[in-house]
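Close look at the chain arrangement
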Amino acid sequence: MKSWIRWAILHGVPSIYLGRRARRGEPLSEILTNSHAGQNPYQFGDRIRAQGRLVRTPVTWVTADYEVCRTILRDKNFGTTPPDALNLPRPILRLLRATDLKLANPVEPPSMLMVDPPEHTRYRKLVAQEFTPRAVGRLHDRIVEVTDELLAGLAARPQADLITDFARLLPVAIICEILGVPRQDQDYMLELGHAGAPLLDVGISWRTFRTAIAALRASEEFVAGHIARLRADPGDNILSELAVSGSLTMPELKAIATLVAGAGFETTVNLLGNGMMALHDHPDQLDLLRAEPDRWPAAIEEILRFDSPVQLTSRTALSDTEIAGQPIGGGESVALLLGSANRDPAVFADPGAFDVTRVNAREHLSFSSGVHACLGASLARMEGAVALSALYERFPELRLAGTAERRGLVNLRGYQRIPAVLGLPAASRTA
Ligand code: HEM
């Protein structure tokens, strides 16, 4: 009953309301209800930008303006938007608090993603050193090794699904190694992450919510067991260090482990899939990369800009303020359309063009900005460059075989299936 009430407040009622507004052509509701069936959310961002830099809707402000997004993300006067900070009537908020499921949920406190400084600063400091560019640099050879193993597995088959058989497997293998999770548990982690991912959307069905909550419960149990094992027999990994240091309470530790694990693979898979499809649709760009492979890191930035794996986030004003000439009251929230901000023509010339030589692609907001800027950005960049460059180098004849299918999610934008014929691997062609 508790979870049903929570679902009704956070998803059931919003889905009816947003559905109505979407049918009337209100662009934010069209995005949130996935009216475009995953095809082109950027057309709605363009419409919002045409309405103004910061647009008021009955439930939230919204912006697709690059500078406004970046300013708000970096503004100390804006905090996160956990569910109980939503601008809802008091009795509903009380009901939300009373139905807290007390699960380690990446989109609820004490998840680092959903708390403000000073708590946020404390959590972030504890894990940040593990994800600096230098620390991630040490993982390079291992990422190459795992990529090679996966591609060797593909070489044995004439056809493959590039998501299930490749893109999904690399990020989970690497984040599990970072967190000391045994290899045999990776499939289970993938299953739980996949079921939990819709919680980043608004207005999901009761069935999807129930499955996601069951996955969170299972994941919490799994993480608790894993932490207990590390306490008894610590390894050389960040979670072991945190588990024995006593610097975090058990709920805090579980929240960090769950967030880092989930964020570590549910996003990067979309970078890889979105990249494969962008390159498929723009073969001239792939030819350029094949001729000049040093361009791969820059191409990863353009892939991130062109089709952001994370489409939006939200911030709430901590006190009355003014942004882009609009007064925002304390407690009011702003939906920040990161993917659409990356298509703002004021910053990116001809933003709908996919151009791996674009000089300012790296200025994209796909990793957010400010204190919550993605902790795993260096890792994701490296996995992206290693995985995609190796895939196209190894399979020069690779081509799609059938229709690629988008995942039906709004915020985590990616593919669930990219069927492909691999052709002969490069080594056997030259042999
Ligand atoms: C292409 C892949 C990725 C994308 C597009 C991405 C995107 C993002 C975004 C947009 C945020 C901030 C959301 C906000 O401001 O509200 C974020 C935060 C975060 N990401 Fe990533 N991410 C990716 C990969 C990773 C990886 C590989 C990890 C693994 C360590 C990771 C861990 C995190 C964590 C822990 C946070 C919370 C940071 C904080 O609140 O201080 N991400 N990510």
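Everything quoted here is computed from the prediction, not taken from an experiment.

1. Remarks on the sheet that holds strand β8 (residues 333-337)
- Pairing is mixed across the open sheet formed by five strands, whose spatial order is β1-β2-β8-β5-β3. Both outer strands of the open sheet, β1 (55-56) and β3 (78-79), are each paired with one neighbouring strand and no more.
- Sheet analysis places strand β2 (residues 61-63) next to β8, joined by three bridges and oriented parallel. In the sheet register, W61 faces β8, and the bridge partner there is V334.
- Helix-sheet contacts for helix α4 (residues 66-74) involve β2, β3, β5 (312-317) and β8, and the interaxial angle to β8 is about 125°.

2. Focus: the coordination of the iron atom of the ligand
- The sole protein-derived ligand of the iron atom of the ligand is C374 (SG), positioned 2.3 Å away.
- Mapped onto the secondary structure, C374 falls in the loop between α18 (338-341) and α19 (377-394).

3. Side note on the pattern of salt bridges
- The final tally for this structure, using the stated rule, is 20 salt bridges.
- Measuring nitrogen to oxygen at the nearest pair gives 3.0 Å for the salt bridge that ties R53 to D65. With R53 in the loop between α3 (42-51) and β1 and D65 in the loop between β2 and α4, the pair connects residues that are twelve residues apart, well separated along the chain.
- We classify R53 as partly exposed; its relative accessible area is 42%.
- D65 sits in the buried class, given a relative accessible area of 8%.

4. Some remarks on the packing of helix α10 (residues 169-179) against α19
- The interhelical angle for the contact between α10 and α19, taken along N-to-C directions, is 135°, at an axis separation of 11 Å. Judged by the angle between their axes, α10 and α19 are oblique. Relative to α19, the crossing made by α10 is right-handed. Note on element contacts: α19 touches α10 through L379, E383 and A387, opposite L170, P171, I174, I175 and I178.

5. Thoughts on the sheet that holds strand β12 (residues 419-421)
- Taken in spatial order, the three strands of this open sheet run β4-β12-β9, and their pairing is antiparallel. Among the strands making up the open sheet, the edge pair consists of β4 (159-161) and β9 (399-400).
- In terms of strand pairing, β9 meets β12 through two bridges, oriented antiparallel. Residue pairing across strands places L400 opposite A420, the latter belonging to β12.

6. Overview of the site of the ligand
- In the region of the ligand, 29 residues are neighbours, and H120, T313, S368, H372 and C374 sit closest.
- One of the side-chain N or O atoms of S368 is found 2.6 Å from an oxygen atom in the ligand.
- Between H372 and the ligand, the recorded distance is 2.7 Å, taken from a side-chain N or O atom to an oxygen atom.
- Elements supplying a minimum of two residues to the shell around the ligand: α6 (119-128), α14 (250-266), α15 (268-281), β5 and α19.
- Residue contributions to the shell around the ligand peak at four residues, all from α14.
- In the shell around the ligand, the residues fall into 18 nonpolar, nine polar and two charged.

7. With respect to α6
- Of the residues making up α6, those classed as buried are H120, Y123 and V127. Buried residues in α6, looked at end-on, bunch into an arc of 75°, giving them a common side.

8. Description of the nonpolar core
- Residues L162, L179, M276, L391, Y392 and I418 are the most contacted members of the largest nonpolar core, which totals 81 residues.
- Among the elements that make up this core, the one with the highest residue count is α19 (eleven residues).
- If sequence neighbours within four positions are ignored, L179 has contacts with H226, L230, N237, I238, L239, A257, V260 and A261.
- Counting residues in each nonpolar core, the second largest holds 18 residues, with L54, I72, A317 and L336 among its members.

9. Brief notes about unusual backbone geometry
- Omega for the bond connecting P109 with P110 falls within 30 degrees of zero, at 5°, which places this linkage in the cis form.
- Tracing the chain through its elements places P110 in the loop between α5 (90-98) and α6.
- The linkage connecting P117 with the following residue, P118, adopts the cis geometry, with an omega of 5°.
- Within the chain, D350 stands out as a residue other than glycine whose phi angle is a positive 45°.
- With respect to the secondary-structure elements, D350 resides in the loop between α18 and α19.

10. Concerning helix α1 (residues 2-23)
- Here α1 is 22 residues long and its end C-alpha atoms lie 31 Å apart, about the 32 Å a rise of 1.5 Å per residue gives.
- Maximum bend of α1: about 50°, positioned at A8.
- Count one or two residues on from α1 and you reach G25, which has phi positive near 90°.

11. What to know about the environment of R168
- With respect to the helices and strands, R168 occurs in the loop between α9 (163-167) and α10.
- Note on R168: relative accessible area 26%, which makes it partly exposed.
- Other than its neighbours up to four places away in sequence, R168 contacts I163, L190, H194 and V269.

12. Concerning the state of the cysteines
- Applying the stated criterion across every chain yields a total of zero disulfides.
- With no disulfide of its own, C69 lies 17 Å from the sulfur of C374, the closest cysteine sulfur.

Conventions adopted
- Residues numbered from 1 in each chain as written.
- Predicted model: local features only at pLDDT ≥ 70, side-chain atom pairs only at ≥ 80, totals over all residues.
- Heavy atoms only, no water.
- Pairing = 2+ DSSP bridges.
- Helix = DSSP H or I, 4+ residues; strand = E, 2+ residues; numbered from the N terminus.
- Contact = heavy atoms within 4.5 Å.
- Axes fitted to C-alpha atoms, helices over the stretch in contact; angles between N-to-C directions.
- Donors = N, O, S within 2.8 Å, 3.2 Å for Na, K, Ca; no water.
- Salt bridge = Lys/Arg side-chain N within 4 Å of Asp/Glu carboxyl O.
- Buried < 20%, exposed > 50% of the residue type's maximum accessible area, 1.4 Å probe, protein only.
- Parallel < 35°, antiparallel > 145°, perpendicular 65-115°, else oblique.
- Left-handed = near helix turned anticlockwise from the far one by under 90°.
- Near = heavy atom within 4 Å.
- Polar contact = N/O pair within 3.5 Å; in protein donor to acceptor, adjacent residues only side chain to side chain.
- Nonpolar A, V, L, I, M, F, W, Y, C, P; charged D, E, K, R; others polar.
- Arc of directions from axis to C-beta.
- Core = buried A, V, L, I, M, F, W, Y, C linked by side-chain atoms within 4.5 Å.
- Expected span 1.5 Å × (residues − 1).
- Bend = angle between axes of the 7 residues up to and from the residue.
- Disulfide = S-S within 2.5 Å.

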